[in-house]
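Survey of secondary and tertiary structure
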Amino acid sequence: MNVNNRILVVGANGQIGLVLTAALRARYGTDQVVATDIRPATNPPAGPFAVLDVLDSQALEQLIQDYNINQIYHLAAILSARGESDPRWAWQINMEGLFNVLEAARLHKLKVFFPSSIAVFGPSTPRDHTPQHTAMEPTTVYGISKVAGEQWCQYYFQRYGVDVRSVRYPGIIGYQSMPGGGTTDYAVEVYHRAVKGEHFNCFLRPDTRLPMLYMDDAIAGTLALMEAPPEQVKIRTSYNLAGMSFTPAEVVAEITKYFPDFSVSYQPDYRQRIADSWTQSIDDGDARRDWGWQARFDLPAMTQDMISHLQQYYALTQV
Ligand code: AKB
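First, a word on scope: everything that follows refers to the structure included in this document.

Cut-offs used in this document
Starting afresh in each chain, residues are numbered from 1 along the sequence in its written order. Local features are withheld for residues below a pLDDT of 70 in this predicted model, meaning they are given only at 70 or higher, and side-chain atom pairs are given and counted only at 80 or more; totals for whole chains, interfaces and linings count all residues. Side-chain numbers come from the whole structure's heavy atoms, not from hydrogens or water. In short, DSSP must find at least two bridges between two strands for them to pair. Where helices and strands are cited, they refer to DSSP runs of H or I of at least four residues and of E of at least two residues respectively, numbered from the N terminus. Lines fitted to C-alpha atoms define the axes here, with helix axes fitted over just the stretch in contact, and angles between the N-to-C directions of these axes take values from 0 to 180 degrees. Multiplying 1.5 Å by the residue count of a helix minus one yields the expected span of that helix. Exposure is judged per residue with a 1.4 Å probe applied to protein chains only, and the accessible area is read against the type maximum: over 50% gives exposed, under 20% gives buried, and values in between give partly exposed. Any residue with at least one heavy atom within 4 Å of a molecule or strand is counted as near it. For the purposes of these results, a polar contact is taken to be a pair of N or O atoms within 3.5 Å, where, inside protein, one atom must be able to donate a hydrogen and its partner to accept one; residues adjacent in sequence count only when each atom of the pair is a side-chain atom. Here, Shrake-Rupley sampling with a 1.4 Å probe gives the accessible areas, and only protein chains in the shown set may cover a residue. Definition used for salt bridges: Asp or Glu carboxyl oxygen within 4 Å of a side-chain nitrogen of Lys or Arg. In these notes, a set of buried Ala, Val, Leu, Ile, Met, Phe, Trp, Tyr and Cys residues joined through side-chain atoms within 4.5 Å is what counts as a nonpolar core. Between two residues, a contact is recorded if the distance between any of their heavy atoms is within 4.5 Å.

**Digging into the sheet that holds strand β9 (residues 210-214)**
Taken in spatial order, the three strands of this open sheet run β7-β9-β11, and their pairing is mixed. At either margin of the open sheet sits one strand with a lone partner, and together these are β7 (171-173) and β11 (244-246). Strand-to-strand twist of the sheet, defined as the mean angle between neighbouring strand axes without regard to direction, takes the value 45°. Where β9 and β11 come together, three bridges link them in antiparallel fashion. The residue of β11 that forms the bridge with M212 is M244.

Written as structure tokens, this is what we have:
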């Protein structure tokens, strides 16, 4: 392995993990990036892979030694909606997993990426243009674990000098992978249903506005933060990131420009309460100033790109 970037991705088969692992391999070389997850992928991409339960600190330690790892992207987590079905289990995975990674980083002087989320915000947070530094009183166990996680990241940086960097992802939308267990997941499914010509039943109300980000921007921003010179990384909890904000009705209106017969119904469930507790739009001025963050995709550009990729995908899978 090349000495500069020897990367371990924890949670590599998840929605972001799959795309980020591919991007890291394209950038640094396939063999430089070791993908890990609790179980193997159905169609595993080429490159090193190991099964890893993030709660198993010894297995993590062994992989770091075996591959001489110097960076970890720690993506394994239980998201907002799934976490509510078993809060203590979600807390254990999210917090113990992070501790194992931070401890390994302290011992081996590793650089770490930790994904936080807009789920750190709660009903007491200003809902529009939510500032970087603001009230964070989340109502989900996922949100609580991300607030605590951000603080622990900053603690390890301040106390032990661990170079840990983080962004607060909004809902992430991409054609490459499917999300699971989140409140913003509807915004991926809606595109799949439209392209397949199927009816879409939305689990949120049509007027529920949430911050969202296209996958390509999320990956570009993550890599930009991780490659920024350390003196530019002034926030060691987690950076706000913004792309776009929209409601289910707005994304459906955009999709209907391509599929005029797209049929949609709304049946809000327990995820509505989670969405209602989050903010609607994000102020990402600090990320822009400190390390040059800038999203490229708005709702129309994302819709065009999603539809064209998904049309190609479903055309190929029908052959
Ligand atoms: C979720 O909906 O739980 C995630 C998130 C916003 O972190 N997509």
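**Side note on helix α7 (residues 215-227)**
Working note: α-helix, 3.6 residues per turn, so residues spaced by three or four point in the same direction. Between the first and last C-alpha of α7 there are 18 Å, a value that for 13 residues agrees with the 18 Å anticipated at 1.5 Å per step. If you check which residues of α7 are buried, you get M215, D217, A218, I219, G221, T222, L223, L225 and M226.

**A short note on the site of the ligand**
All residues in the neighbourhood of the ligand are listed as L79, S80, S117, I118, Y142, G182, T183, T184 and W278. The side chain of Y142 places a nitrogen or oxygen atom 2.8 Å from an oxygen atom of the ligand. In this structure, T184 approaches the ligand through a side-chain N or O atom, which is 2.9 Å from a nitrogen atom. Protein burial of the ligand: of its 250 Å² of free accessible surface, 94% is covered by the chains.

**Concerning the pattern of salt bridges**
Following the criterion strictly, the structure yields 16 salt bridges and no others. A salt bridge links R168 to E150; its shortest N-O distance comes to 2.8 Å. Here E150 lies in helix α5 (residues 141-160) and R168 lies in strand β6 (residues 164-169), a separation of 18 residues in the sequence. Here D207 ties to R205 by a salt bridge, and the two come within 3.0 Å at their closest N and O atoms. Judged by its relative accessible area of 34%, R205 is partly exposed. Each member of the salt-bridge network shares a partner with another, and the members are E189, R193, K196 and E198.

**Observations regarding unusual backbone geometry**
Non-glycine residue K109 carries a positive phi angle of around 55°. Positive phi values are uncommon outside glycine, yet H129 reaches one of about 50°. Looking at the secondary structure, you find H129 in the loop between β5 (111-117) and α5. Under the relative-accessibility criterion, H129 is labelled exposed at 57%.

**Here we look at the environment of A22**
Within the fold, A22 resides in helix α1 (residues 15-28). Sequence separation between A22 and A46 is 24 residues; the distance between their C-alpha atoms is 9.5 Å.

**Some words on the nonpolar core**
I173, Y186, Y191, F246 and M302 are the most contacted members of the largest nonpolar core, which has 40 residues in total. Mapped by element, the contributors of at least two residues to this core are α5, α6 (186-196), β8 (200-202), β9, β11, α8 (248-256), α9 (271-277) and α11 (299-318). The leading source of residues in this core is α6, at seven residues. Ranked by size, the runner-up nonpolar core spans 33 residues in total, among them L20, Y28, L225 and W291.

**Comments concerning α5**
The first and last C-alpha atoms of α5 sit 27 Å apart over 20 residues, in line with the 28 Å expected at 1.5 Å per residue. Taken residue by residue, α5 has V141, Y142, G143, S145, K146, V147, G149, E150, C153 and Y156 as its buried positions. Where the residues of α5 are buried, they touch α3 (80-83), α4 (87-108), β5 and β6. Taken from the residues just after α5, G161 is the one with a positive phi, measuring 75°.

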